[in-house]
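# Structural description and commentary
The residues making up each chain are set out below.
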Amino acid sequence: MAGPVLEPGQAQEGKPGPFGFTRPQFALFSAMAAFFAAAPFLGLYEVFLAKILCFALFACAFNLLIGYVGLLSFGHAAYFGMGSYVAGHAAKVWGLPPELAILCGGLIGFALGLPFGWLAIRRSGIYFAMITLALAQMVFFFCLQARFTGGEDGIQAIPRGVLFGVVDLGPDRNVYFFVLAVFLAGFLLVHRIVHSPFGQVLKAIRENEPRATSLGYRTDDYKLMAFVLSATLSGIAGGTKAIVFGIATLTDVHWSMSGEVVLMTLLGGLGTVFGPVAGAAIIVTMQNYLAGFGAWVTIVQGAIFVVCVLAFRAGVIGEIGKALKLRL
């Protein structure tokens, strides 16, 4: 009798390893975690690394929606930005510790994602994207006018606080390892979601929604749950970023932030576990080291992006995975 059909690279990967990773994935995860844990001791700037991790978590949350459900949102800056504002307000005005302030950022992402997702999933394709963009612009203008956001000045001098009443996050190294812990927890959560039975249904919806419906799955419910999960993680990423940098501004909720996370995900590899992390690292690094070019930085970024899209059609990690016949 013929055995089950294997996906490309499945024979080489073998049985799943710890936490549901395949062996290559677990090896890559271990290498990634070891690098970020050792990076501050290798002379890399902790705040720069923390920024990479904040945006990597944001990109992983976005990839959960576009990479595994096939829904392109142009409005994820709404959840990232509001998470940043609410976490900053909670830490500065309410005096909450950083862990609770970031949790508030996640809660506002959930609170916005539920009604916004309920409205947006009723359409698909470009109509879904335009609805999410319109909703995000409503949030942007709310933040521009609301008193608690500080308008164009934003919320400044946000205190990092004391983690669990024990660890002072004032030193950059302390706050960096806190951000690393948040990122790793979020990364493992996203990995667990996409490799669970729930995640398999999401992939089925992405590949053929009418067939998934015919099999008895209520696809709108699954899409809404994925949307809310993505929005909640985006809010946590925004809240973490506000705590690290001590500021929340309109840039966080501007439509260009939504475009930036799309760029990160496409550049790293759509629908791959590690792609958004690589994409975020590339984009943030370019922004940091190309800042000397001034206004030309966007042109340089655009040129690099065009080259990467032409050379790496599946993204950097996607192409590496295809070359090695592995799912990364």
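Each remark here, short or long, concerns the structure printed above.
Quick caveat, the model's predicted, so the values are computed rather than measured. Along each chain, residue indices are assigned from 1 in the same order as the chain's sequence is written. In keeping with the model being predicted, local features are shown solely for residues with a pLDDT of at least 70 and side-chain atom pairs are shown and tallied solely at 80 or more, while totals for entire chains, interfaces and linings include all residues. Values reported for side chains reflect all heavy atoms of the structure, with hydrogen atoms and water molecules removed beforehand.

Further remarks concern the side chain of S230. Per the convention used, a helix needs a DSSP run of H or I reaching at least four residues, while a strand needs a run of E reaching at least two, with both numbered from the N terminus. If you trace the backbone, S230 turns up in helix α10 (residues 219–245). For each residue, the accessible area found with a 1.4 Å probe, counting protein chains only, is set against the maximum for its type, and the residue is called buried under 20%, exposed over 50%, and partly exposed in between. Exposure remark for S230: the relative accessible area of 0% places this residue in the buried category. Not counting residues up to four positions away in its chain, the partners in contact with S230 are A61, F62, L64, L65 and H76. Only heavy atoms enter the contact rule, under which two residues are in contact if any of them lie within 4.5 Å.

What follows concerns the packing of helix α2 (residues 23–38) against helix α7 (residues 172–194). Two elements in contact, α2 and α7, have axes whose closest approach is 11 Å; the angle formed by their N-to-C orientations is 165 degrees. In terms of orientation, α2 and α7 fall into the roughly antiparallel class. By crossing handedness, the relation of α2 to α7 is classed as right-handed. Contacts between α2 and α7 involve Q25, F29, M32, A33, F36 and A37 from the first element and Y176, F177, L180, F183, L184, F187, L188 and H191 from the second. Every axis corresponds to a line fitted to the C-alpha atoms, with the helix fit spanning only the stretch in contact, and the corresponding angles, defined between N-to-C directions, vary from 0 to 180 degrees. Angle categories are assigned with fixed cut-offs, so that under 35 degrees is roughly parallel, over 145 is roughly antiparallel, 65 to 115 is roughly perpendicular, and the rest are oblique. Crossing handedness follows the turn of the near helix against the far one: under a right angle anticlockwise gives a left-handed crossing, and clockwise gives a right-handed one.

This brings us to the nonpolar core. Buried Ala, Val, Leu, Ile, Met, Phe, Trp, Tyr and Cys residues form a nonpolar core when they are joined through side-chain atoms within 4.5 Å. M32, F36, F55, F183, F187, F274 and V277 are the most contacted members of the largest nonpolar core, which has 104 residues in total. The leading source of residues in this core is helix α3 (residues 46–66), at 17 residues. When residues no more than four places from it in sequence are discounted, the contact partners of V277 are M32, F36, A56, C60, F183 and F187.

Take the number of residues in a helix, subtract one, and multiply by 1.5 Å to get its expected span. When the terminal C-alpha atoms of helix α11 (residues 255–268) are compared, their 21 Å separation across 14 residues agrees well with the 20 Å that a helix rising 1.5 Å per residue should span. Buried within α11 we find M257, S258, V261, V262, L263, M264, T265, L267 and G268. For α11, the secondary structure elements touched by its buried residues are α3, α4 (77–92), α12 (275–289), α13 (297–311) and α14 (316–324). Taken from the residues just after α11, G269 is the one with a positive phi, measuring 140 degrees.

Let us look at a nonpolar patch on the surface. In this scheme, patches are assembled from residues that exceed 30% relative accessible area and form no salt bridge. Like charges are connected within 9 Å, while nonpolar side chains (Val, Leu, Ile, Met, Phe, Trp, Tyr) are connected within 5 Å. Throughout, the Shrake-Rupley method with a 1.4 Å probe supplies accessible areas, and for residues the shown protein chains are the sole cover considered. When a carboxyl oxygen of Asp or Glu lies within 4 Å of a side-chain nitrogen of Lys or Arg, that pair is called a salt bridge. Together, F35, L42 and L44 give the surface a local cluster of nonpolar side chains, amounting to about 280 Å² of exposed area. For L42, the location among the structural elements is in the loop between α2 and α3.

Along the chain, G279 turns up in helix α12. Between the alpha carbons of G279 and A59 there is a distance of 8.1 Å; along the sequence they are 220 residues apart. Beyond its immediate sequence surroundings of up to four residues, G279 is in contact with M264 and G268.

Along the chain, F140 turns up in helix α6 (residues 125–145). The exposure class of F140 is buried, given its relative accessible area of 12%. In the structure, F140 is positioned 112 residues away from D252 in sequence and 9.2 Å away in space, judged by C-alpha atoms. Among all residues touching F140, those that are not within four sequence positions of it are L250, V253 and H254.

Here the focus is the pattern of salt bridges. Enumeration over the complete set of coordinates arrives at seven salt bridges. For D221, the salt bridge goes to R218, with nearest N and O atoms at 3.0 Å. Of the charged contacts in the structure, one is a salt bridge between D252 and K241, with a shortest N-O distance of 2.9 Å. Of the two residues, D252 sits in the loop between β4 (247–248) and α11 while K241 sits in helix α10, which places them eleven residues apart along the sequence.

Another aspect to go through is the packing of aromatic side chains. Between the rings of Phe, Tyr and Trp (Trp by its six-membered ring), a pair exists once the centres lie within 6.5 Å; its type follows the angle of the planes, with under 30 degrees stacked, over 60 edge-to-face, and the other angles tilted. According to the stated counting rule, one finds 17 aromatic pairs in the structure shown. Residues F41 and F177 carry aromatic rings whose centres are separated by 6.2 Å and whose planes lie at 40 degrees to one another, so their mutual orientation is tilted. Within this pair, whereas F41 is found in the loop between α2 and α3, its partner F177 is found in helix α7, the two being separated by 136 residues in sequence. Look at F177 and you get partly exposed, because its relative accessible area is 30%. Considering the side-chain rings of Y176 and F177, the 5.3 Å spacing of their centres and the 65 degrees angle between planes classify their relative orientation as edge-to-face. On the basis of relative accessible area, Y176 is assigned to the buried category, the value being 0%.

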